Protein chains: 2
Amino acid sequence: MGEDQQIPDAAGLSRRGLMGLAVGAGAAGLAIGGGAGIASGVALGRARERRTADAVASGDGIHQPGITTPVQDHLHFAAFDMMARTTRDDVASLLQDWTYAANRMMQGLEVSATGAVGGSPEAPPDDTGEALGLPASNLTITFGFGPSLFDERFGLAAQRPAGLERLPAFLGDDLDPERSDGDLCIQACADDPQVAVHAIRNLSRIAFGRARIRWSQLGFGRTSKTTSDQATPRNLFGFKDGTANILADDAAALDENVWVSASEGPAWLAGGSYLVARRIAMLIETWDRVRLSEQDRIVGRDKARGAPLSGGDEFTAPDFAATDGSGTPRIDARSHVRLAHPDQNGGIRILRRGYNFVDGNTDLGRLNAGLFFLSFQRSPDRYITVQRALATDAMAEYIRHVGSGLWAVPPAPAAGQSIGAGLLGA
Amino acid sequence: MGEDQQIPDAAGLSRRGLMGLAVGAGAAGLAIGGGAGIASGVALGRARERRTADAVASGDGIHQPGITTPVQDHLHFAAFDMMARTTRDDVASLLQDWTYAANRMMQGLEVSATGAVGGSPEAPPDDTGEALGLPASNLTITFGFGPSLFDERFGLAAQRPAGLERLPAFLGDDLDPERSDGDLCIQACADDPQVAVHAIRNLSRIAFGRARIRWSQLGFGRTSKTTSDQATPRNLFGFKDGTANILADDAAALDENVWVSASEGPAWLAGGSYLVARRIAMLIETWDRVRLSEQDRIVGRDKARGAPLSGGDEFTAPDFAATDGSGTPRIDARSHVRLAHPDQNGGIRILRRGYNFVDGNTDLGRLNAGLFFLSFQRSPDRYITVQRALATDAMAEYIRHVGSGLWAVPPAPAAGQSIGAGLLGA
């Protein structure tokens, strides 16, 4: 911390680059898509063309990208804290700069028109360069505002949504504060991990002197499907996961379960959502010693096909009333699928968007692995309801929730505006 | 440690599965490729077909796969230590079981014929299941033997290659013993990280009670090219890396630089190689503040195109004698490209196969990121020569070597034999 404060002008972004960002921010809505703002560096011309010609994930102009976008293969997630003595203006300027850079990167462009090599040789490059030549890779960048952003520091307390507070403690929580919470969060998803890492790295760099990473998480192997043509992936327990997820084209379900409506307020959040992140450590070596029938019973589905134990195939609705010859429920009362099911939770569905993670190993030689759970829902209490229902989850013996965060995810900014403009007036 | 020892019989592999492994090991050379040994589970039939139909990376029968195989997108590397009180027979049986399972997984099959769901519901599955339905993804699994395997424990001291000892300390080393060394190592590379993780996880599980993970590392964004049609990737300093790497079809260069010849001995290592792993932390936030001309000078190439500063394009040979108008060398004497270049090191070339990594962040909010350097060479002293030449590397200010390991990589086993059979007689 002390080190950062000793060199407040050394962010590495050149003065020209910062001016470019400042000028660009206002025109971002126009510049993106119109092809303007692309540096004319001859050397990089081809690389840039290749990136922009590749799949570019764009939002619908109403909601931020990265929520209903078909889940990409890789995640880099970062929670940020505003630095000491920063002001509301710093928050606003940071979000302007982030919006500008994010819009460029989602197009496969560098973070500024100056880029990695387009400026003066005597200035640090504006872009760190490791994504040069890579396709846009469906990169999406999604921003969220944590409860702590609305404390006394920035004069935003009056605009805090009623439900935006730290999640309550759940049975079995073993949370590490250093893997929880944060004033701001960024979810970067892409089909190439280097593209997602490049995005977080450069946004972190742009934040220099204003905010810095509190914690971050890489993930792979999406654990949800969000379109009907995506195969259901498997989590690290070896089971299909996310079979009953809300699909991106199910507008009614999204309105009912994911998007904050205009009437719910606050106004700046209409069309937005709430993002829950939970780092869930999985005791995979212990799980791997559990007999197959017990694994199936705990999940409530069969491992091979993902079909509910009441019968049918993966997409057959579970029949919680079905019993075997002896009157025992085919789907155990404590099974994960039953406790989490909308039928058992007043119809609540959440949009899951999680990833597997493996972060090296423990001192015991076990993999430090699990599920980085991400979900979007219309209100925090919807997640809380489902998570409380899981208190008796038979799976709880094999997992530990070790990190947690909740953020309000504002809607997409209007053309020419920055993310959170409705909150900060920028 | 105590925990593992309390439950020596609870490895999770069913007795039937272990018998299958034991039986299968002897016949592995026949079973693989012939399609034998595939469980007849109806539910998984389609998934299995899909996996085997996908690209399968196979060795040439002489050298292990994963050395000259075109570099895949993802890495999971693990170093293992044999457990206390294990014997030479345990090493041999472990390598038999690993060979059998590795051969199956590289074909896109499960670790045993019993698999994740093919056995009794009352037994733990033999395969953990998270790769079910995924393509083989060019998975390669490469095994190595560390210097410590040849200490007094297993009676192998007489067969230790002369050069197989812990690497000497290099200037600037800041090694963490918990990220260094290991009796055995496994390099799993695949185009899908879930497939690489599945391989290490299951091999670790098979090792239960005999060996366990000492340290492990995930990587993405290969930093080398090994075939002429692979684009040169960029490392996290934003520079192209591996431009001058040895290509897989350059048999003469491989013989000269990578493969241990029959005359060098020991006999069990002929056709093998030596693997060096170095975890190199990159101080990327500091690097990002360095002006472009200085970045170029440190690397000795230009950031945009990767061309040497003496002129030409990426693949032009550097001209270390070239000077500018004032007589200053165009390529700095302390530049990385010059110090590491074969012309400066008696013609030594090494086969690089490294990956980028990002393991969360430090307490200062900086990314814990860098290069997981992997190289194969005909003798350890070839790596030592090059690394010593880098003592004055201008880049040293921006990197820290924090982990290190050296392993002898035996040749591919003959049909029906296990990896290391020449060493262990199995």
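Along each chain, residues carry numbers from 1 onward, in the same order as the chain's sequence is written. Chains and ligands are labelled by the order in which they are written, letters from A for the one and numbers from 1 for the other. Only residues with pLDDT of at least 70 are given local features in this predicted model, and only at 80 or more are side-chain atom pairs given and counted; all residues enter the totals for whole chains, interfaces and linings. Each side-chain value is derived from all of the structure's non-hydrogen atoms; neither hydrogens nor water enter the calculation.

Let's shift gears to the side chain of N257(A). Residues and elements named next belong to chain A. A run of H or I in DSSP becomes a helix once it reaches four residues, and a run of E becomes a strand once it reaches two; helices and strands are each numbered from the N terminus. One can find N257 in helix 6 (residues 251-257). Side-chain atoms alone can form a polar contact between residues adjacent in sequence; in general such a contact is a pair of N or O atoms within 3.5 Å, and within protein one must be able to donate a hydrogen while the other accepts it. In terms of polar contacts, N257 uses its side chain to reach the backbone amide nitrogen of R349, at 3.1 Å. The contact rule is simple, with two residues in contact once any of their heavy atoms fall within 4.5 Å. When sequence neighbours within four positions are dropped, the list of residues in contact with N257 reads I246, G347, I348, R349, Q377, R378 and R382.

Next up on the list: the nonpolar core. Note on terminology: a nonpolar core comprises buried Ala, Val, Leu, Ile, Met, Phe, Trp, Tyr and Cys residues joined through side-chain atoms within 4.5 Å. For each residue, the accessible area found with a 1.4 Å probe, counting protein chains only, is set against the maximum for its type, and the residue is called buried under 20%, exposed over 50%, and partly exposed in between. Ranked by size, the top nonpolar core spans 148 residues in total, and within it W98(A), I141(A), W98(B) and I141(B) carry the most contacts. If sequence neighbours within four positions are ignored, I141(B) has contacts with Q64(B), P65(B), A102(B), M105(B), M106(B), I186(B), Q187(B), A199(B) and L203(B).

Attention shifts here to the interface of chain A and chain B. Taken together, the contacts link 66 residues of chain A with 66 residues of chain B. Basic side-chain nitrogens of Lys or Arg form a salt bridge, by our definition, when they fall within 4 Å of a carboxyl oxygen of Asp or Glu. If you look at where chain A meets chain B, you find four salt bridges. The closest approach of N and O atoms between R201(B) and D288(A), which form a salt bridge, is 2.8 Å. Our enumeration of links across chain A and chain B arrives at 26 residue pairs in polar contact (both at pLDDT 80 or more). Contributions of two or more residues to the side of chain A that touches chain B are made by helix 1 (2-6), strand 1 (74-82), helix 5 (193-206), strand 4 (211-222), helix 7 (284-287), helix 8 (292-299) and strand 7 (355-361) of chain A. Broken down by element, the residue count for the side of chain A that touches chain B peaks at eight residues, all from strand 4 of chain A.

The next subject is the relation of the copies chain A and chain B. C-alpha atoms of residues with pLDDT of at least 70 in both copies form the basis for the least-squares superposition of the copies. With an RMSD of 0.0 Å, the operation that places chain A on chain B is a rotation of 180 degrees combined with a shift of 0.0 Å along the axis. The symmetry that links the two subunits is that of a two-fold axis. Closest to the rotation axis within chain A is the C-alpha of D359(A), separated from it by 3.5 Å. A shared interface surface links the copies, since 100% of the contact residues of chain A are contact residues in chain B too.

All right, on to the packing of aromatic side chains then. Pairing of aromatic rings covers Phe, Tyr and Trp, the last counted by its six-membered ring, and requires centre-to-centre distances within 6.5 Å; plane angles under 30 degrees mean stacked, over 60 mean edge-to-face, and any other angle means tilted. Taken as a whole and judged by the stated rule, the model has 28 aromatic pairs over all chains. Between F237(B) and W287(B), the aromatic rings sit 4.1 Å apart at their centres with planes inclined by 20 degrees, giving stacked as the arrangement. Placement of F237(B) in the loop between strand 4 (211-222) and helix 7 (251-257) and of W287(B) in helix 8 (residues 284-287) is noted, with a sequence separation of 50 residues between them. By the burial criterion, F237(B) is buried, and W287(B) matches it. A network of ring pairs unites the aromatic residues F77(A), W215(A), F372(A) and W407(A) as a single cluster.

Unusually for a residue other than glycine, R85(A) sits at a positive phi of about 70 degrees. In this fold, R85(A) is placed in the loop between strand 1 and helix 4 (88-106).

Before going further, it helps to examine helix 5 of chain A. All names here are of chain A. The end-to-end C-alpha distance of helix 5, which contains 14 residues, comes to 20 Å, matching closely the 20 Å that a straight helix rising 1.5 Å per residue would cover. Most of helix 5 sits inside the fold, with 14 of its 14 residues counted as buried. N-cap assignment for helix 5: the residue whose side-chain oxygen lies 2.8 Å from the backbone N of Q194 is D192. By definition here, a helix of n residues has an expected span of 1.5 Å times n minus one.

Keep in mind these values describe shape, not function.
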